[in-house]
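Inside the fold
If you want the building blocks of each chain, they are given just below.
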Amino acid sequence: MSPLLLLSLILGSLATPSLSISEDKEDLIQETCKKTRYFALCNSSLKSDPRSSNADLKGLASISIEILHEKVNGTLTFIIGLYKNTRNPELSRFYGSCIEDYGTSVRRLLPEAVKALGSKDYATAKNDAAAVTSYIDACDQLFAEKTPFSDRNIIVHDLSLVTSTIIDRDEGTLCLGGAAALRSWG
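So, a few notes on the structure that sits alongside this text. (Residues numbered from 1 in each chain as written. Predicted model: local features only at pLDDT ≥ 70, side-chain atom pairs only at ≥ 80, totals over all residues. Heavy atoms only, no water.)

**Overview of the overall build of the protein**
- The helix and strand inventory of the protein stands at 7 helices and 0 strands.
- Along its sequence from the N terminus, the protein presents helices and strands in the succession α-α-α-α-α-α-α.
- Sequence separation of at least 24 residues holds for 67% of the intrachain contacts in the protein that already meet a minimum separation of 6.
- Surface summary for the protein: the accessible area is close to 10,300 Å², and the carbon and sulfur share equals 56%. (Helix = DSSP H or I, 4+ residues; strand = E, 2+ residues; numbered from the N terminus. Contact = heavy atoms within 4.5 Å. Areas by Shrake-Rupley, 256 points an atom, 1.4 Å probe, with all protein chains shown as cover.)

This is the structure in structure tokens:
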């Protein structure tokens, strides 16, 4: 056998496992997102982060929390800009309440979710991610009409539910806190 042919066979066999790993991770993203209410949002969010292609379920949960944090922080910054530029006292009060709600998510809930996920306290991580939804709903309910950030509220709300579902997959399937997950991460 020629050395060139041998080298080609060796390199070819080395490339195949990495292809299957990539396909496995793609399947993990697909299967994980299928368990959420918002498949398209989940799928596009996770695929937007290159780390997802090599992540396990816990890694996808961590990435999802980070993406949620970025969206919440971006919306908070947007609302602060509206607050600074309004002369309407009622809007000022409403924007101020929303700043408090979003601020709670940015400063307390999401950092706690990251910490809880890192220490394998999956129930707390899930609850903190899900609690963001309540704060966003509270903000949204202040307004009778659509606001300049209503679309952002919807994305943050839905991404919060996606994140909490990734941490604790619904419908009784694998949960990060479940025995199988603990064995694989243990």
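**Re the environment of Asp128**
- Along the polypeptide, Asp128 turns up in helix H5 (residues 122-140).
- You can call Asp128 buried: its relative accessible area is 9%.
- Along the backbone, Asp128 and Ser164 are 36 residues apart, and their C-alpha atoms lie at a distance of 8.1 Å.
- Those residues within four positions of Asp128 in sequence are excluded, and the remaining contacts are Leu109, Glu112 and Ala113. (Buried < 20%, exposed > 50% of the residue type's maximum accessible area, 1.4 Å probe, protein only.)

**Topic: the state of the cysteines**
- Per the counting criterion, the structure on display carries 2 disulfides.
- Note that Cys33 is cross-linked by a disulfide to Cys42, the S-S spacing being 2.1 Å. Because the sign of the S-S torsion sets the handedness, a value of about -70° for the bond joining Cys33 and Cys42 places this disulfide among the left-handed ones. Each of the two residues, Cys33 as well as Cys42, counts as buried.
- Disulfide pairing is shown between Cys98 and Cys139; the S-S distance is 2.0 Å. Here the S-S torsion is close to 95°, and the disulfide linking Cys98 with Cys139 is therefore right-handed. With a gap of 41 residues between them, Cys98 in helix H4 (residues 89-118) and Cys139 in helix H5 connect regions that are remote in the sequence.
- Residue class for Cys98 comes out buried when judged on its relative accessible area of 0%.
- Using a relative accessible area of 0% as the deciding quantity, one classes Cys139 as buried.
- Should the bonded cysteines of the protein be numbered as they appear in the sequence, the pairing reads 1-2, 3-4. (Disulfide = S-S within 2.5 Å.)

**A closer look at the environment of Asn153**
- Tracing the chain through its elements places Asn153 in helix H6 (residues 150-167).
- Judged by its relative accessible area of 1%, Asn153 is buried.
- Taking C-alpha positions, Asn153 is 8.1 Å from Asp137, a pair spaced 16 residues apart along the chain.

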